[in-house]
Amino acid sequence: MKVALHALCFTLLGMSLGSCKNADKNLADDAVKPVKSQANNAYRAPSTRGPVPRNPDMSLSSSFGKDAGVTFSRVSVSQPFVAMTFDDGPHPSNTPRLLDMLRDRNIKATFYVIGRNVDMYPEITRRIVAEGHEIGNHTYTHGNLTKMGDDSVRNELMKCRASIAKATGVQPRTLRPPYGALLQRQRTWIHSEFNYPTIMWSVDPRDWQRPGPSVVTSRILSGATPGAIILAHDLHAPTVDAMPATLDGLLKKGYKFVTVSQLLAMKPKEEAPAQASVTPSNP
Ligand code: NI
């Protein structure tokens, strides 16, 4: 399925390059070189019907220490913070559409990008960072790391990190292993060598099975708890279709959205006895 999707992406990219090439003689001059991606300046945010609930402005630290931990699937927090994570992008149409939805709601999320997709769509990757989202390492080719030797794993992580750094100027700070597959031994050496905590999740809507947007929404809304790390894939259009109702539903329940690093940074502070208060802290 993955192969078929990627083949489709290449086909779509080829089609859009073909039509642009005809419209722009400057691009035609460059046609012999592979053009990796197109700027997305023409894209306009769709107008939203009625007021959209907004995530509050928050100035939260994203500094977490190496002693914070090697693996997380959620973080113990006393306030209703959640981290939305989107895997397997960037995707040429779904990711910009999702970014518009997040911007409308003042929500910052974390994108676990595949390095080879970053190389294909560096402008979209730059937009992710420019709009305040966090980027995480999801390897270069999205293989199963448990089946690789340490040198191959290291190469996967370094290549993805280099692609992100080249496209955006920033470096990922956390790892999400493809398929959630990573041995404890691997998590430990990756943490000591790359400083990456391995980030799993506490809410999985199984959106890759394409159950339909309303099911994705209801699974996320029923699974969310304070400190949750929520898994989703911006690779899939129906997942992005599910996001307006999902994000608005979580906001209406009082959840506040933070990045994974912001959530991790809350951990030491939250080791004090939990407070009942749900007032947002705004340090
Ligand atoms: Ni993935």
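These lines cover the structure that appears in this document, whether it is placed above or below. (Residues numbered from 1 in each chain as written. Predicted model: local features only at pLDDT ≥ 70, side-chain atom pairs only at ≥ 80, totals over all residues. Heavy atoms only, no water.)

**Some points on the side chain of T198**
1) Next: Here T198 lies in strand β5 (residues 198-199).
2) Next: Contact partners of T198, with chain neighbours within four places excluded, come to V70, T71, F72, L175, P177, L182 and R187. (Helix = DSSP H or I, 4+ residues; strand = E, 2+ residues; numbered from the N terminus. Contact = heavy atoms within 4.5 Å.)

**Remarks on the packing of aromatic side chains**
1) Next: For the structure shown, the criterion picks out 2 aromatic pairs.
2) Next: On the numbers, 5.6 Å between centres and 35° between planes, the contact of F86 with F111 is tilted. Of this pair, F86 sits in strand β2 (residues 81-87) while F111 sits in strand β3 (residues 110-113); the two residues are 25 residues apart in sequence, bridging distant segments of the chain. No difference in accessibility class separates F86 from F111, as the two residues are buried.
3) Next: Their ring planes at 25° and their centres at 5.3 Å tell us that F194 and Y196 sit as a pair that is stacked. Exposure class is identical for F194 and Y196. Each is buried.
4) Next: Directly above the ring of Y140 sits K159, whose terminal nitrogen or CZ lies 4.3 Å from the centroid. (Phe/Tyr/Trp six-rings, centres within 6.5 Å; stacked < 30°, edge-to-face > 60°. Buried < 20%, exposed > 50% of the residue type's maximum accessible area, 1.4 Å probe, protein only. Lys NZ or Arg CZ within 6 Å of the ring centre and 35° of its normal.)

**Focus on helix α7 (residues 184-194)**
1) Next: Listed in full, the buried residues belonging to α7 are Q186, R187, W189, I190, H191 and F194.
2) Next: Looking at the buried side of α7, the elements it contacts are β1 (71-72), α6 (150-168) and β5.
3) Next: Downstream of α7 by a residue or two, N195 has a phi angle that is positive, lying close to 70°.

**Focus on the pairing of β2**
1) Next: Across the 7 residues that make up β2, a large majority, 7, are buried.
2) Next: Both faces of β2 are covered, namely the face carrying F81, A83, T85 and D87 and the face carrying V82, M84 and F86.
3) Next: Examined bridge by bridge, β2 and strand β7 (residues 256-257) share 2 bridges and lie parallel to one another. Its bridge partner lying in β7, V82 is registered against F257.
4) Next: Here β2 pairs with strand β6 (residues 229-233) via 5 bridges, running parallel. Paired with D87 across the two strands is H233, which belongs to β6.
5) Next: Relative to β3, β2 runs parallel, the two being bridged by 3 bridges. Residue pairing for β3: D87 is matched across the bridge by Y112. (Pairing = 2+ DSSP bridges.)

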